[in-house]
Amino acid sequence: MRYILIVLFTFITTACVTAPQPAAPLEMPLKPQLKSQSFQVSYETEHASPKVKSVQLPAHKITRNQTVRVVADKASVTDTLFKQITDALTTMSLRVVEQGDSDYTLAIHQLELNFIEDTKYQVQPPVKPYALFDEIAKLYPIQQCATINGEVSMRLIHRASGDVVWFGKSSIDSASFHREPLIFSFSEEQVISNELEVATFVHQQNTEQARLARASQDVNIPSYKTISKMTSLTKLQGPCNRTEVSALTPMMHYYLSSILIDKIKVH
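In what follows, the accompanying structure is described. Computed from a predicted structure; not experimentally measured. In this numbering scheme, every chain counts its residues from 1 along its sequence in written order. Where totals are concerned, whole chains, interfaces and linings use all residues; where local detail is concerned, this predicted model gives features only for residues with pLDDT of at least 70, and gives and counts side-chain atom pairs only at 80 or more. Working from all heavy atoms in the structure, the side-chain values ignore hydrogens and water.

**Here we look at helix H5 (residues 195–205)**
Turning to step 1, where the next piece is worked out: Any residue under 20% of the maximum accessible area for its type is buried, any over 50% is exposed, and the rest in between are partly exposed; the area is computed with a 1.4 Å probe on protein chains only. Comment: elements are numbered from the N terminus, with helices defined as DSSP H or I runs of at least four residues and strands as E runs of at least two. When H5 is considered as a whole, its buried residues turn out to be Val198, Phe201, Val202 and Gln205. All buried residues of H5 lie within an arc of 95 degrees about the axis, which places them on one face of the element. The outward face of H5, more than 90 degrees from its buried face, is lined by the exposed residues Leu196 and His203. Within this analysis, the arc is defined by the directions that extend from the helix axis to the C-beta atoms.

This is the structure:
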């Protein structure tokens with residue numbers, strides 16, 4: 001009986017010694033350093049000059065230091081715009097009064113802003129050519145932006161007689177008012193195209209069965225492959241959506257008002 005136990009022990013010990021040991025687990029290879037390069041692309045559109053109509057009648061001569069009262073019963077004038085109009089009249093050597101009698105009344109009849117047909121901006125060739133421009137120009141040949149048309153009209157009335165001595169109207173669209181190009185950026189980035197394939201291979205080769213198989217044969221982890229990829233455009237400069245374009249409202253009203261007041265002839 002002792003002999004049988006000794007033989008059995010010797011057999012088990014020999015089997016443990018001679019059984020192949022599994023290969024060490026594979027580690028994920030280091031990723032290559034990926035490169036990225038940024039570019040800018042510009043879009044422009046044609047601009048129109050403001051439309052201005054100004055008529056001054058000779059019935060009453062407007063002279064320096066005469067008084068003017070600004071009335072905006074028919075239009076919503078902000079405090080900021082009211083002050084800007086007041087400052088413009090003062091620059092014309094007229095005195096603005098808020099109460100009491102005055103020589104003239106400046107009546108603001110219209111302050112309007114309406115959305116009109118979108119403006120199309122065309123892509124512009126870069127000052128310094130780059131290889132990807134043709135592809136960008138093909139993918140994004142135009143940018144279409146919301147557009148508002150602003151109109152302002154005023155009348156200057158002689159208080160004593162009620163005569164209209166001057167009237168004016170001006171208008172402009174937001175694209176022509178802003179005038180600056182739209183600037184967008186994009187990047188060309190390197191990305192790993194087979195990262196999942198490499199991770200899957202490493203995972204499969206780290207199973208117990210695969211590690212035993214690798215004990216007697218070497219395997220090569222697939223190399224990472226990289227491809228170049230363009231990002232989408234990101235706007236850097238210029239109003240385009242409705243919210244951005246609407247933010248131009250105060251400046252457009254001031255611009256159109258200033259144009260008209262500057263047309264008043266003061267002697």
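**Points about the pattern of salt bridges**
Turning to step 1, where the next piece is worked out: The salt bridge definition used is simple: a Lys or Arg side-chain nitrogen within 4 Å of an Asp or Glu carboxyl oxygen. For the structure shown, the criterion picks out 4 salt bridges.
Turning to step 2, where the next piece is worked out: Across the salt bridge formed by glutamate 195 and lysine 31, the nearest N and O atoms sit 2.6 Å from each other. Here the residue glutamate 195 occupies a position in helix H5, and lysine 31 occupies one in the loop between helix H1 (2–18) and strand E1 (36–44), the gap between them amounting to 164 residues.
Turning to step 3, where the next piece is worked out: With its nearest N and O atoms 3.0 Å apart, the salt bridge here joins aspartate 87 to lysine 83. Residue aspartate 87 and its partner lysine 83 are both found in helix H2 (residues 79–91); the two are separated by 4 residues, about one turn of the helix.
Turning to step 4, where the next piece is worked out: Residue class for aspartate 87 comes out partly exposed when judged on its relative accessible area of 38%.

**A few points about the packing of H2 against helix H8 (residues 249–261)**
Turning to step 1, where the next piece is worked out: For helices, the fitted axis covers only the stretch in contact; all axes are lines through C-alpha atoms, and the angles between them, taken along N-to-C directions, range from 0 to 180 degrees. At a minimum axis distance of 10 Å, the contact between H2 and H8 shows a crossing angle of 25 degrees. The angle between the axes of H2 and H8 places the two elements in the roughly parallel class. When you trace H2 past H8, the crossing you get is right-handed. Touching Leu81, Gln84, Ile85, Ala88 and Leu89 of H2 are His253, Tyr254, Ser257 and Ile261, all from H8.
Turning to step 2, where the next piece is worked out: Among the residues making up the contact of H2 with H8, the classes are represented as 6 nonpolar, 3 polar and no charged. For this classification, under 35 degrees means roughly parallel, over 145 means roughly antiparallel, 65 to 115 means roughly perpendicular, and everything else is oblique. Each crossing gets its hand from how the near helix is turned against the far one by less than a right angle, where anticlockwise is left-handed and clockwise is right-handed. Throughout, a residue-residue contact means that at least one pair of heavy atoms, one from each residue, lies within 4.5 Å. Gly is placed with the polar residues, together with every amino acid not listed as nonpolar (Ala, Val, Leu, Ile, Met, Phe, Trp, Tyr, Cys and Pro) or charged (Asp, Glu, Lys and Arg).

Interpretation in functional terms is not warranted from these geometric data alone.
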